[in-house]
Amino acid sequence: MTVALEPGDLAPDFLLPNLEGKLARFYDRFSGNAVVLYFCASNGGAEGEMELRGLAERRDQFDAAEGRVVVVTQDSHEANAAFISRLGLDLDLFSDPVGAITNGYCGAPAEAWPGDGNRASIFVLDPNQRIAAAFHGGTQHAQGALDGLMDLRRRLAPGPDPRPAPILVLPN
């Protein structure tokens, strides 16, 4: 069993099918952006649907925080496309039917994830694709992801330099 990625780790790049079934490279699409990367075993079921609706409903808030939402499920790209179409959601979804990427990020097969049965993990990535925050199991992932993204933005915001300005002393 591998160990779940933690804050400070570089998020591994991956190549997975998108909603259209075309292979897409994560770094090519999202490098340079803050990203909320949500892993779930399946988009099916009431819990998965609720979480994905929560992410989609907060899309304006994620956009305002300059963050992209990316979802990786172990469903096929056809199942993901049908799900998105049926619910009218606007999310970037990738399919990881074998679970290799999910296991690499989350540290265990989806069926062994901790939590209350929701079996989901979420990572907030900075624009350099380093993990800024990670949440495993539980519920309320959409709000936790948004809070993690807002915290990242506060930490990255330019502010006054707390160091004193250098002083140049010239001899007489």
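Our subject is the structure that appears above.
The structure reproduced in this document is the subject of the present report. (Residues numbered from 1 in each chain as written. Predicted model: local features only at pLDDT ≥ 70, side-chain atom pairs only at ≥ 80, totals over all residues. Heavy atoms only, no water.)

Looking at helix 4 (residues 77-87)
Inspection of helix 4 places Asn80, Phe83, Ile84 and Leu87 among the buried residues, and these make up the whole buried set. In a view along the axis of helix 4, the buried residues occupy a sector of 95 degrees, so they form one face of it. Facing away from the buried side of helix 4 by more than 90 degrees, the exposed set consists of Ser85 and Arg86. Residue Gly88 follows helix 4 closely and has a positive phi angle near 65 degrees. (Buried < 20%, exposed > 50% of the residue type's maximum accessible area, 1.4 Å probe, protein only. Helix = DSSP H or I, 4+ residues; strand = E, 2+ residues; numbered from the N terminus. Arc of directions from axis to C-beta.)

Concerning the environment of Val35
Summarising the element assignment, Val35 is placed in strand 3 (residues 34-40). Note: C-alpha distance between Val35 and Gly67 (32 residues apart in sequence) is 5.3 Å. Once residues lying within four places of it in the same chain are set aside, the contact partners of Val35 are Phe26, Phe30, Arg68, Val70, Phe123, Val124, Leu125 and Gln129. (Contact = heavy atoms within 4.5 Å.)

Regarding the packing of aromatic side chains
All chains considered together, the criterion is met by nine aromatic pairs. Ring centres of Phe26 and Phe30 lie 5.6 Å apart, and the angle between their planes is 40 degrees; this geometry places the pair in the tilted category. Here Phe30 and Phe26 lie together in helix 1 (residues 26-30), a separation of four residues that amounts to about one turn. Relative accessible area serves as the criterion here: at 0%, Phe30 is assigned to the buried category. (Phe/Tyr/Trp six-rings, centres within 6.5 Å; stacked < 30°, edge-to-face > 60°.)

So far we have only geometry, and geometry alone does not tell us how the molecule works.
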